[in-house]
Amino acid sequence: MSKIRQIGVLTGGGDAPGLNAVIRALTKSAILDHGVRVIGFNDGFSGMVEMKTHELGLHDVRGILPRGGTILGTTNRGNPFEYVERLADGTERVSDASATVAKNFERLGLDALVVIGGDGTLSIAHRLMQEHGIPVVGVPKTIDNDLAATDRTFGFATAVEVATDALDRLHTTAESHHRIMLLEVMGREAGWIALHSGVAGGADVVLIPEIPFQVEPVIAKVWARQNRGTPFSIVVVAEGARPKDGDQVYQSVDPVTGWKRLGGISYELAPILQGKTGLEVRVTVLGHIQRGGSPCADDRILGTRLGAEAMRLVMRGRFDHMVALRGEEIEAVPMEKAINRLKLVDPNGQLVRNARSLGIVFGDEDPDEILDTR
Ligand code: F6P
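Just so you know, these numbers come straight off a predicted model, no measurement behind them.

Quick word on the overall build of the protein
In terms of regular secondary structure, the protein is built from 12 helices and 15 strands. Taken over the C-alpha atoms alone, the protein extends approximately 70 × 50 × 35 Å along its principal axes. Buried positions account for 54% of the 374 residues belonging to the protein. When the accessible area of the protein is evaluated, it comes to approximately 15,800 Å², of which 47% is carbon and sulfur surface. Placing the 41 positive and 48 negative side-chain charges of the protein at their respective mean positions leaves the two points 5 Å apart.

Set out below in structure tokens:
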């Protein structure tokens with residue numbers, strides 16, 4: 001294996017708290033441990049297409065551990081295989097710019113590329129290795145915690161903290177006004193953020209994509225609480241939740257990439273609940289608050305471990321692999337095992353069962369049982 005002297009690093013897709021911890025750990029261990037130079041690409045793969053780069057030195061990563069976002073910048077629209085270019089007349093053109101990425105990788109004299117991203121970004125990295133021979137190492141990232149082959153992704157713990165804090169706040173105002181409060185959280189096709197924050201925040205109802213819901217059990221739960229003198233309820237709704245006989249709700253669809261942004265299901269649910277219970281219903285869509293701000297300690301630690309281990313994989317030449325948390329250890333996983341496969345909540349899994357035994361409703365129960373037993 002040829003000697004590693006210089007590597008590139010980029011962050012792709014949506015940001016997540018803890019990205020800077022990865023960049024810092026990678027850069028520090030590259031320089032201090034291995035004497036390797038690090039070139040950062042700005043704004044994901046578009047930085048590789050358009051040669052937006054700068055060298056990362058120790059001073060560049062000083063003080064970034066508590067910082068949210070990514071010092072490198074990122075984008076959802078940087079896929080070099082379907083590169084979106086904005087033309088002078090304001091229209092957009094899609095073309096394959098992957099050969100430019102490979103050429104720029106050579107021109108910069110890089111020996112490896114570390115790609116920090118979610119499923120989409122890691123799939124692109126794998127393809128760049130397969131089709132253009134770029135030696136890549138992946139670092140999994142997403143607040144959604146939905147990546148296969150890793151037990152947890154950094155950003156998730158912070159998102160759950162933020163959503164739990166929101167639930168605590170909603171509880172006090174819900175109780176004062178005797179209202180039903182809906183909190184819509186992120187997560188795309190996975191209900192991890194909703195489930196974890198719902199349990200941590202003492203929600204009465206948790207609606208997740210993995211368990212299509214009906215309104216009747218939700219209403220039964222609200223009445224059961226009402227009947228025992230608790231005239232308010234807290235409902236966590238994952239943005240990807242869908243009614244048993246209906247569809248997910250999208251905010252928008254990107255006309256060029258076809259990317260669908262989920263969101264708004266709770267606005268559809270609110271008038272139904274209000275109409276059927278006669279109680280006031282209010283909606284809070286937490287949105288990007290879950291992604292912004294300082295990472296919690298767990299996400300800083302996980303990001304740091306992944307960054308340092310990614311550098312070790314580079315030095316050992318274990319390309320086309322991603323670092324992943326398995327149990328207590330960070331391991332190397334072949335990229336193809338990690339991509340195009342979502343890790344979803346198991347509707348029969350332990351945490352769902354524990355939640356059910358506390359009386360949390362998921363919307364698939366028999367409404368009569370809720371009235372009878374709770
Ligand atoms: O994948 C992370 C995530 O925050 C999802 O939970 C959410 O659906 C999506 O990104 C939002 O994307 P954007 O930042 O493009 O609106």
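Back to the text.
A word on the sheet that holds strand β2 (residues 37-41)
Pairing is mixed across the open sheet formed by 7 strands, whose spatial order is β3-β2-β1-β6-β7-β14-β15. A single partner strand is all that each edge strand has here, and the edge strands are β3 (53-56) and β15 (329-334). Across the sheet, the axes of successive neighbouring strands diverge by a mean angle of 30°, strand direction being ignored. Where strand β6 (residues 112-117) and strand β7 (residues 136-140) come together, 5 bridges link them in parallel fashion. Within β7, the position partnered with Leu113 by the bridge is Val136.

Quick notes on a negative patch on the surface
On the surface, a cluster of negative charge is made up of Asp151, Glu328, Glu329 and Glu331. Relative to the assigned elements, Asp151 resides in the loop between β7 and α5 (156-177). Exposure remark for Asp151: the relative accessible area of 41% places this residue in the partly exposed category.

Some points on the packing of α5 against helix α6 (residues 192-200)
At a minimum axis distance of 8 Å, the contact between α5 and α6 shows a crossing angle of 50°. Taken together, α5 and α6 sit at an angle that is classed as oblique. Seen along the crossing, α5 lies across α6 with a hand that is right-handed. Residues Phe156, Ala159, Val160, Ala163, Thr164 and Leu167 of α5 pack against Trp192, Ile193, His196, Ser197, Gly198 and Ala200 of α6. In terms of residue class, the contact of α5 with α6 is built from 8 nonpolar, 4 polar and no charged.

Here's the deal with the site of the ligand
By nearness alone, every residue bordering the ligand is listed as Asn76, Ile143, Asp144, Met186, Gly187, Arg188, Glu239, Arg261, His288 and Arg291. Asp144 places a side-chain nitrogen or oxygen 2.7 Å from an oxygen atom of the ligand. In this structure, Glu239 approaches the ligand through a side-chain N or O atom, which is 2.5 Å from an oxygen atom. The fraction of the free accessible surface of the ligand (400 Å²) that becomes covered by protein chains is 85%. When atom positions are compared with the pocket grids, the ligand is found to occupy the largest pocket. By residue class, the composition of the shell around the ligand is 2 nonpolar, 3 polar and 5 charged.

Conventions we followed
Residues numbered from 1 in each chain as written. Predicted model: local features only at pLDDT ≥ 70, side-chain atom pairs only at ≥ 80, totals over all residues. Heavy atoms only, no water. Helix = DSSP H or I, 4+ residues; strand = E, 2+ residues; numbered from the N terminus. Buried < 20%, exposed > 50% of the residue type's maximum accessible area, 1.4 Å probe, protein only. Areas by Shrake-Rupley, 256 points an atom, 1.4 Å probe, with all protein chains shown as cover. Lys, Arg positive; Asp, Glu negative; His and termini not counted. Charge placed at Lys NZ, Arg CZ, Asp CG, Glu CD. Pairing = 2+ DSSP bridges. Axes fitted to C-alpha atoms, helices over the stretch in contact; angles between N-to-C directions. Patch = residues over 30% accessible without salt bridge, like charges linked within 9 Å, V, L, I, M, F, W, Y side chains within 5 Å. Salt bridge = Lys/Arg side-chain N within 4 Å of Asp/Glu carboxyl O. Parallel < 35°, antiparallel > 145°, perpendicular 65-115°, else oblique. Left-handed = near helix turned anticlockwise from the far one by under 90°. Contact = heavy atoms within 4.5 Å. Nonpolar A, V, L, I, M, F, W, Y, C, P; charged D, E, K, R; others polar. Near = heavy atom within 4 Å. Polar contact = N/O pair within 3.5 Å; in protein donor to acceptor, adjacent residues only side chain to side chain. 1 Å grid on protein atoms, 1.4 Å probe; cavity = no way out; pocket = protein on both sides within 12 Å on 5 of 7 lines; lining within 4 Å. Sits in = over half its atoms within 2 Å of the grid points.

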